[in-house]
Amino acid sequence: MVLEKINQPNDIKSLTDDELKILASEIREFLIEKISVTGGHLASNLGVVELTMALHLALDLPKDKIIWDVGHQSYTHKLLTGRREGFDGLRKYGGMSGFPKRKESECDCFDTGHSSTSISAGLGYALAREITGEDYKVVSVIGDGALTGGMAFEALNNAARLKSNFIIILNDNNMSISENVGGLSSYLAGFRTADAYLDLKLNVLNSLNKMPYGDKMVSKIRKTKSGIKQLLIPGMFFEEMGIVYLGPVDGGDLHGIVKLLREASHIDGPVLIHVMTHKGAGYAPAERHPARFHGTEPFDIETGLPKNPRVKANYTDIFSTVMRKLGDRDEKVVAVTAAMTDGTGLKRFHNMFPERFFDVGIAEQHAVTFAAGLAAAGLKPIFAVYSSFLQRAYDQVLHDVCIQNLPVVFAIDRAGLVGSDGETHQGIFDISYLSSIPNMTIMAPKNKWELSDMIKYAVNFGTPVAVRYPRGEAYDGLKEYRAPISIGKCEWIYRESGIALFALGSMVKTAVAVRDALKAEGYPCSIINARFAKPLDEDALRYITEHHKVIVTMEENVISGGFGEHVTEFYNNEKCKDIRIVNIAIPDEYVEHGNVELLRKEVGLDADTIIARTMEAYQNVTE
């Protein structure tokens, strides 16, 4: 195998042309084989094999710097820097990350995970190089989907003033996670159907110079208002920003990409190379269904079907069903997503009510203010978004929604531990950052029926409201407990004395297991389904102090600024000293990738840890 010759950075440079062709094929076979076992990001990685090989042929790693936007497409980069053995533990706890990590390799110069950051980070490297007088190349690789994010445009605007070389690779596959939308996508689509611009760009001046009086023609064209490039590409968006444009080039043309990279490295200032890639290239199921293979679970290689197909609905499925019903019942209900139509469960709503569905691209800040505008005009917007991505729009939530007290519903998917994607994707901060904002109400359902009830309640709530729910299979226990939802009121599941388990959202399921164990040991125990992280049910909290000795708050969020801290603050303000408080929450730290159940044990959210802490607290107050 040629791949076995790649054991450290730059080994690829010793291969022959024939070996490079074989290597590209072997990399695809390797990725398909490994990801079929571990799961991971497949389609995006299959699309950039030759592009990544070209970068490693043209650059000198780790001296030169590659910043991968999002970073989910960096698997070939990891292979070419000697991390082949790490793929058996890909995205497993203690194993290799699915994203670039500085602590993992000196060839990973910047940690990524979210979209549209690479140009900003690359520009920082390029300017630091000017200040320190060092000599290295900087390349930022950004997808056309990520280019729809406003941060990317802010960085392009700043990059135009750069005097030294800075290469931006536009990895154009017409996909982010769902298919790209908007004006920029349409603009780039024009390149896909245009004549070969690169050949024109490289040859037209030579051709003119060979003609009689050709030199005068060239001079005249160069002096026109927009220059020769305007004659070749309509708009020349990038060139008009002061960024040299090269391309487009076929993403499978290894030597063509290398040639452009070497040409680009001699240009002073920013230069963008437009590379046309094909998501899922080399594996038919991923080519046909790139969104499904964006982040895939283990699958059968021959069929492409999941090895462990879901037999129960997950929370996203429940949300999808509720949205379809709401769309039927209320013509004012509209749905907003930031390039996550499939991931957030809005595909059915999109298909049934296309005129009331809005995919704004990877632009969470715009999505929130856009939703605020919809609400101000009398509609009922529901913005479906992953918890970790809503972080990017904090100011818009505060400034554009909550100050005006507008009725925007935030359907926050992947709230809590999400597992294999690691620190950048764990949804463990939303209670903390949303509860600090006046006018915001926060709810979390205990099971699938309560999620349905909460979304229906939220859509007519009249002020800003967030409903947070976890990734994975929807809990179908406690079906018989379905009290009507009322603002700021909890739901008693079991009412006893002694110990009160005050659990929020996904932690109610864990509370049931904890109570069963405590009852087996003879401890009296209540379970209260908090329902609301904000506002708190103050009447229930006062009742708990009168009939219990220990209250255990339980949440899948960091402790700092979380649900438990707010409960503790309430008791402190009440000057209540008659109850022991135990806060079960995630420590104030980032949580790496790994299986969710394993991570819950590591951070102390598992039933055994909660039982031990609860029994210790109860024994201390009863001695």
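Everything quoted here is computed from the prediction, not taken from an experiment.

### Describing the pattern of salt bridges
According to the stated counting rule, one finds 34 salt bridges in the structure shown. The salt bridge partner of R542 is D539, with a shortest N-O separation of 3.6 Å. Of the two residues, R542 and D539 are both situated in helix α22 (residues 538–547); the distance of three residues between them amounts to about one turn of the helix. On the basis of relative accessible area, D539 is assigned to the partly exposed category, the value being 49%. Look at the salt bridges and you will find they share partners, linking K489, D537, E538, D539, R542 and E574 into a network.

### Things to note about the packing of helix α16 (residues 364–376) against helix α18 (residues 394–402)
Direction vectors running N to C along α16 and α18 enclose 10°, while the axes themselves pass 9 Å from each other. Here α18 runs roughly parallel to α16, going by the angle between their axes. Here Q365, V368, T369 and A372 of α16 lie close against α18, whose contacting residues are Q396, V397, D400 and V401. Among the residues making up the contact of α16 with α18, the classes are represented as four nonpolar, three polar and one charged.

### Brief notes about the sheet that holds strand β13 (residues 498–503)
Read from one edge to the other, the open sheet built from five strands follows the order β12-β14-β13-β16-β17, with strand pairing classed as mixed. The open sheet has two edge strands, β12 (491–494) and β17 (580–586), and neither has a second partner. Going from strand to strand, the sheet's axes swing by 20° on average, the running direction of each strand aside. Sheet topology places β13 next to strand β14 (residues 525–529); five bridges connect them, and they run parallel. Bridged to A503 within β14 is N529.

### Side note on the pairing of strand β11 (residues 465–468)
Covered by surrounding structure in β11 are V465 and V467 together with A466 and R468, the residues of both alternating faces. Pairing geometry for strand β9 (residues 409–413) and β11, over four bridges, is parallel. Residue pairing for β11: F410 is matched across the bridge by A466. Where strand β10 (residues 441–443) meets β11, three bridges bridge the pair, whose relative direction is parallel. In the sheet register, I442 faces β11, and the bridge partner there is A466. Read as a crossover between parallel neighbours, the route from β10 over helix α20 (residues 448–459) to β11 is right-handed.

### Quick notes on the side chain of S118
Along the chain, S118 falls in helix α5 (residues 118–132). Reaching out from S118, the side chain makes a polar contact with the side chain of D69 at a distance of 2.7 Å.

### Some points on the pairing of strand β8 (residues 380–386)
Within β8, six of the seven residues are buried, which leaves it mostly tucked inside the rest of the structure. When strand β6 (residues 333–337) meets β8, the two strands line up parallel, connected through four bridges. Residue pairing for β8: V336 is matched across the bridge by F383. Relative to β9, β8 runs parallel, the two sharing five bridges. When the bridges of β9 are listed, Y386 appears paired with D413.

### Examining unusual backbone geometry
Cis rather than trans, the peptide bond between L61 and P62 has omega equal to 5°. Looking at where P62 falls in the secondary structure, it is placed in the loop between α3 (49–58) and β1 (65–68). Residues G247 and P248 are joined by a peptide bond in cis, for which omega reads 0°. Secondary-structure assignment places P248 in strand β4 (residues 244–250). Phi at N10 takes a positive value of approximately 75°, unusual for a residue other than glycine. For N10, the position within the fold is in the segment before α1 (17–38). By relative accessible area, which is 22% here, N10 ends up partly exposed. Even without glycine at this site, L478 takes up a positive phi of about 60°. For L478, the position within the fold is in the loop between β11 and β12.

Conventions we followed
Residues numbered from 1 in each chain as written. Predicted model: local features only at pLDDT ≥ 70, side-chain atom pairs only at ≥ 80, totals over all residues. Heavy atoms only, no water. Salt bridge = Lys/Arg side-chain N within 4 Å of Asp/Glu carboxyl O. Helix = DSSP H or I, 4+ residues; strand = E, 2+ residues; numbered from the N terminus. Buried < 20%, exposed > 50% of the residue type's maximum accessible area, 1.4 Å probe, protein only. Axes fitted to C-alpha atoms, helices over the stretch in contact; angles between N-to-C directions. Parallel < 35°, antiparallel > 145°, perpendicular 65-115°, else oblique. Contact = heavy atoms within 4.5 Å. Nonpolar A, V, L, I, M, F, W, Y, C, P; charged D, E, K, R; others polar. Pairing = 2+ DSSP bridges. Right-handed = clockwise from strand over helix to strand, strands pointing away. Polar contact = N/O pair within 3.5 Å; in protein donor to acceptor, adjacent residues only side chain to side chain.

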